[in-house]
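# Summary of the model geometry
Here is what each chain is made of, one letter per residue.
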Amino acid sequence: MTAPASTSAVVIGASGGIGRALVCALAASEAYAPVFALSRSEPSTPRGVRTVPIDLGDEATIAAAAANVSAAGPVGLVIIATGILHQDGVSPEKTFKALDPAAMAAVFSVNTIGPALVAKHFVPVLARRGRCVFAALSARVGSIDDNRLGGWYSYRASKAALNQILRTLSIEVARTRPEALVVGLHPGTVASALSRPFRSDPTKNVVQPDVSASRLLRVLDSLGVKDTGGVFAWDGTRIPA
């Protein structure tokens, strides 16, 4: 993991499976200092990691978190590890007949609008010189070209919209931070609360959060400016739009 000297790393969604693993991996790497763990609930973190409250549904908390983080100096890495596939009253639709406006709004609020507001407040605190990274967990099912099965309307559409936001953001950010990288990341199927109800075989093609975090950080480290605006899977392959 390479990073400009004296820049911090921020993981948003640090109380989730992948988010917690990312925080631990970044803290162990010592590539960034300090490491910030942001979430609605107080996360369990390694010694030295700074915790900051945030709620992606409340823009005021996003702005306050960005101000808190910026007080420690420029940020070299922001990873948004939040996402929703299901919750009470929300589940992936198998048919258009199941579409519900309230459920769709809830999914878009977390998967699309939340990350967009994070960009609004955290891009200004990214380092202006040297390499910096703004990344968000996306999903292969957000690819329009790769959609072969249908279904999962809200989740697919919210991730496709997120990918478009990241692409658009990459163009704007490049004007002031020419070495910046803005990307989406597909972690694969991870043993987490998000994927648990949809794994027919609990062990097949499923990785633990710490393995996923290691893979994702390796992918980020392998990408260059030419890759900004893209979405990449855990193995480094580019996912079509």
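One structure accompanies this document, and this report is about it. (Residues numbered from 1 in each chain as written. Predicted model: local features only at pLDDT ≥ 70, side-chain atom pairs only at ≥ 80, totals over all residues. Heavy atoms only, no water.)

### Focus: the sheet that holds strand E4 (residues 75-80)
If you trace the seven strands from one edge of the open sheet to the other, you get E3-E2-E1-E4-E5-E6-E7, paired in parallel fashion. The outermost strands of the open sheet, each flanked by one partner alone, are strand E3 (50-53) and strand E7 (231-233). Taking the axes of each pair of neighbouring strands and ignoring which way they run, one obtains an average angle of 20 degrees across the sheet. Where strand E1 (residues 8-12) and strand E2 (residues 35-39) come together, four bridges link them in parallel fashion. Across the sheet, the residue bridging to Val 10 is Phe 36, located in E2. Lying on the sheet, helix H4 (residues 153-173) is in contact with strand E5 (132-137), strand E6 (180-186) and E7; it crosses E6 at an angle near 170 degrees. In the packing of helix H5 (residues 209-222) onto the sheet, contacts are made with E4, E5, E6 and E7, and the angle to E6 comes to roughly 145 degrees. (Pairing = 2+ DSSP bridges. Helix = DSSP H or I, 4+ residues; strand = E, 2+ residues; numbered from the N terminus. Axes fitted to C-alpha atoms, helices over the stretch in contact; angles between N-to-C directions. Contact = heavy atoms within 4.5 Å.)

### Some details on the packing of aromatic side chains
Centre distance and the angle of the planes are the two values used to describe a pair of aromatic rings. In total, this model carries one aromatic pair according to the counting rule given. Look at Trp 152 and Tyr 155: their rings are 6.1 Å apart centre to centre, the planes differ by 80 degrees, and that puts the pair in the edge-to-face class. Note on Tyr 155: relative accessible area 11%, which makes it buried. Taking the ring centre of Trp 234 as reference, the NZ or CZ of Arg 215 above it sits at 4.2 Å. (Phe/Tyr/Trp six-rings, centres within 6.5 Å; stacked < 30°, edge-to-face > 60°. Buried < 20%, exposed > 50% of the residue type's maximum accessible area, 1.4 Å probe, protein only. Lys NZ or Arg CZ within 6 Å of the ring centre and 35° of its normal.)

### Some remarks on the pairing of E6
With seven of its seven residues buried, E6 lies for the most part within the structure. Across the two faces of E6 the burial is the same, with Ala 180, Val 182, Gly 184 and His 186 and Leu 181, Val 183 and Leu 185 all buried. Sheet analysis places E5 next to E6, joined by six bridges and oriented parallel. Across the sheet, the residue bridging to Phe 134 is Val 182, located in E6. Crossover connection from E5 via H4 to parallel E6: handedness right-handed. (Right-handed = clockwise from strand over helix to strand, strands pointing away.)

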